[in-house]
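Single-letter residue listing:
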Amino acid sequence: AAGIPVKERVKVSQNWRHGRCRRETVLKWKCKQVASFSSSFLMPWMELDGEYLYLSQAENIQAYHLSAEGTGLQCHPQAIFSGHQEDVCRFVLVNSHIVSGGGDGSIVLHKIHGSYSVKFSAHEQEVNCVDFQGGLIVSGSRDRTAKVWSLSAGRVGQCLHTVQTEDRVWSIAISPLLSSFVTGTACCGHTSPLRIWDLESGQLLTCLGTDFHRGAGVLDVFYETPSLLLSCGYDTYIRYWDIRTSTRKCVQEWEEPHDSALYCIRSDKNHMIASGSSYYGVVRLWDKRQTRCLQSFHLSSPTSSPVYCLRFSTTHLYAALASALHVLDFTAS
């Protein structure tokens, strides 16, 4: 919000609250037609970094320059980061590095400014999720393991720990304190889909929550602070955990009103949460101080697509669906 006049900030804030925005489809791509059901659609992921939006499309990650107003993207990517033999499942952007996990079971590290890149074989099956902090990578896979990898000089790509999760790992995040990491799993082979592990030893520290239904897999997790954590997934709930208060019960929860699985979640680390649903490209805005959804936007009617990933700035929200990238511009009058 720095540099935005107070009057403009108030207007933008009101626009978010009342759902006033200009909608635009800024990129389109073709869905792949593949025999395998699990790979028949692109499942794009993205990150925002100042003037650039990074978007995974098939086996590449492309960097698009945002226009001065922040709405449009330049048609052609400024840079393309490649290295995977199959689709990029997820990636993170930290300290001018991109770390990605792919369907080929490998992890690729790129330095954004420069030609440096490293690729190493990480898992026996696709790498569904990765995170990168403090010289360590954590990865989770369909092969029912999570792994911790070193990036220190002379040990790049060395596996420090392998955690047996007994379940497909859908989401993963390193705590801001760099002491532990959380895994969100499928909740089929193990009754607890949310578990926190020690980063140094790989030992289980705690399970979050109790009495999850079978299949209540956690598809996305997001640390706000070392002790505050958001999760969402197949059981249609957003949950807000305060690890200082209780690991058995979340401090707040919000239910998706149309009983849809929630694919992705983000917060402004204040009062606002944005979530992406599994049907009709529904993006919802939530206020932590209220029990009901604040606003909802249907981005893919009449055809149905999940919102695979969303990111937002002070003024814009970007949502990646199966075949298009949509932007909501909240500076509109």
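Residues numbered from 1 in each chain as written. Predicted model: local features only at pLDDT ≥ 70, side-chain atom pairs only at ≥ 80, totals over all residues. Heavy atoms only, no water.

**Q** Could you give an account of the sheet that holds strand E8 (residues 106-111), naming the residues involved and the relevant values?
**A** Spatially, E6-E7-E8-E9 is the arrangement adopted by the 4 strands of the open sheet, whose pairing is antiparallel. One side of each edge strand has no neighbouring strand; the edge strands of this open sheet are strand E6 (88-94) and strand E9 (117-121). Recorded for the sheet is a direction-independent mean angle of 15° between the axes of neighbouring strands. (Pairing = 2+ DSSP bridges. Helix = DSSP H or I, 4+ residues; strand = E, 2+ residues; numbered from the N terminus. Axes fitted to C-alpha atoms, helices over the stretch in contact; angles between N-to-C directions.)

**Q** Give me the side chain of Ser180: which residues, what numbers.
**A** Secondary-structure assignment places Ser180 in strand E15 (residues 180-185). Here Ser180 falls in the buried class, since its relative accessible area comes to 9%. Every residue in contact with Ser180, bar those within four places of it in the chain, is listed here: Ile174, Ser175, Ile196, Trp197, Asp198, Leu199, Leu205 and Tyr223. (Buried < 20%, exposed > 50% of the residue type's maximum accessible area, 1.4 Å probe, protein only. Contact = heavy atoms within 4.5 Å.)

**Q** For empty space enclosed by the protein, give the residues involved together with the corresponding values.
**A** All chains considered together, the criterion is met by 2 cavities of 30 Å³ or more. Together, Leu194, Phe212, Ala216, Gly217, Val218, Ser231, Cys232, Gly233, Asp235, Tyr237 and Arg239 line the largest cavity. At the level of elements, strand E19 (228-233) and strand E20 (237-242) are the ones that each hand at least two residues to the lining of the largest cavity. A per-element tally of the lining of the largest cavity places E19 first, with 3 residues. Considering only residue class, the lining of the largest cavity consists of 6 nonpolar, 3 polar and 2 charged. (1 Å grid on protein atoms, 1.4 Å probe; cavity = no way out; pocket = protein on both sides within 12 Å on 5 of 7 lines; lining within 4 Å. Points joined across faces, edges and corners; volume = space filled by probe spheres on them. Nonpolar A, V, L, I, M, F, W, Y, C, P; charged D, E, K, R; others polar.)

**Q** Outline the sheet that holds strand E17 (residues 204-207), supporting the account with residue identities and numerical values.
**A** Spatially, 4 strands are ordered E14-E15-E16-E17 in an open sheet, and the strand pairing comes out antiparallel. This sheet does not close on itself; its edge strands, each paired only once, are strand E14 (169-174) and E17. With direction set aside, neighbouring strand axes in the sheet form an average angle of 25°. Here E15 pairs with strand E16 (residues 194-198) via 5 bridges, running antiparallel. Bridging from a neighbouring strand, Thr183 pairs with Arg195 of E16.

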